[in-house]
Amino acid sequence: MSKIMHAGRSLLELLLLIALGLVPVVSGLLVMMFQLEKKLAENANISLQEAVFSVDQALDRLHESAHQALPLAGKPCNDVIGTLQDQVASRSVVRSLSLIKDNQAYCGTTSDSLADVSAFARSGRQVELAYGSGAASNELLVNFYLSGNGNGVVVTAYAMQLRNELDAFQDGLTLLLEFGDRYIWSLGDSRDRQRPSQSEFTESALSDKYGYQVKGGYAQGYTAREARQSMLQILPSLMLVGIVTGSIVYLTLFRARTNRRGTAAGHA
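A brief look at the structure comes next. Only a predicted model underlies this, so the values are computations on that prediction, with no experimental measurement involved.

In this section: the packing of aromatic side chains. In total, this model carries six aromatic pairs according to the counting rule given. Ring geometry for F144 against Y210: centres 5.7 Å apart, planes inclined by 70°, an arrangement best described as edge-to-face. A residue pair is termed long-range when its members are at least 10 positions apart, and F144 in strand β4 (residues 140-148) and Y210 in the loop between β9 (200-206) and β10 (213-218) qualify at 66 residues. Just as F144 is buried, Y210 falls in that class too. Measuring from ring centre to ring centre gives 4.8 Å for Y218 and Y222, while their planes differ by 20°; the resulting arrangement is stacked. Taken together, F201, Y218 and Y222 form an aromatic cluster joined through their ring pairs. We note R182 situated over the ring of Y131; from NZ or CZ to the ring centre the distance is 4.2 Å. Cation over ring: R195 sits above Y183, and NZ or CZ is 4.2 Å from the ring centre.

Now the structure itself:
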């Protein structure tokens, strides 16, 4: 009977040692997950605000180009086309300039359809993503409209400039710019069959200046991959702490058992 009690006591002590050794491992992993989720949520929020600031600046450059050309709107095309072409050549961000009079595009620096430019000018939007026509049909463009005194200017630039702003955020977060029903992200745009995955820690922000929306989020499974990588980095240290904790408890129990035996022998 005493042997059974001794075996049972030994088993309980072993289970206690295992449980106490696992405490720092489990608690460490829980703290790691909490910190990881907090970090990803904060990064998504901060990156969105920074993205709005960066894209606003890119559109500010188009606004400056439009403002420079606006005094030419309403004048005969033959009189101003040379100046318009010079302005395009002097600004690397600009693909073309088109002049608007009475909501109709009548003069442009490229052979692009003026009817499409006119439709944009009448839409009431300040910025849009546009698909190229003719030889440029595969290009995604950005149209920016500025009006004044019944006339206006449409600046057309390559959407690659906006994509470059998104590429600056190399932290695993997928950022997507929405202009109405059209959108762009670092690896594609609204002509693709499917949107990128942004299902984890999804955030959105609206530009007060230009009305577009930025959506950010991590792809499905991103958190699990990051957790797995972090776990592989810290698990050896946590296991070492667990072993040390278990060893300390074992030594404490061993000394207590030895003291009890010594006391029992003294009484005998």
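A word on the sheet that holds β4. Read across the open sheet, the five strands follow the order β2-β1-β5-β4-β3; overall the sheet is antiparallel. The sheet terminates laterally at β2 (104-108) and β3 (127-131), the two strands that pair on one side only. With direction set aside, neighbouring strand axes in the sheet form an average angle of 30°. Bridge count for strand β1 (residues 96-101) against strand β5 (residues 151-158) is six bridges, and the pairing is antiparallel. Looking across to β5, one finds that L99 is bridged to V153. Each of β1 and β2 touches helix α2 (residues 77-90); the most contacted strand, β1, lies at about 145° to it. On top of the sheet, helix α3 (residues 114-122) reaches β1, β2, β3, β4 and β5; it is set at about 135° to β2, its chief contact.

Rules used throughout
Residues numbered from 1 in each chain as written. Predicted model: local features only at pLDDT ≥ 70, side-chain atom pairs only at ≥ 80, totals over all residues. Heavy atoms only, no water. Phe/Tyr/Trp six-rings, centres within 6.5 Å; stacked < 30°, edge-to-face > 60°. Helix = DSSP H or I, 4+ residues; strand = E, 2+ residues; numbered from the N terminus. Buried < 20%, exposed > 50% of the residue type's maximum accessible area, 1.4 Å probe, protein only. Lys NZ or Arg CZ within 6 Å of the ring centre and 35° of its normal. Pairing = 2+ DSSP bridges. Axes fitted to C-alpha atoms, helices over the stretch in contact; angles between N-to-C directions. Contact = heavy atoms within 4.5 Å.

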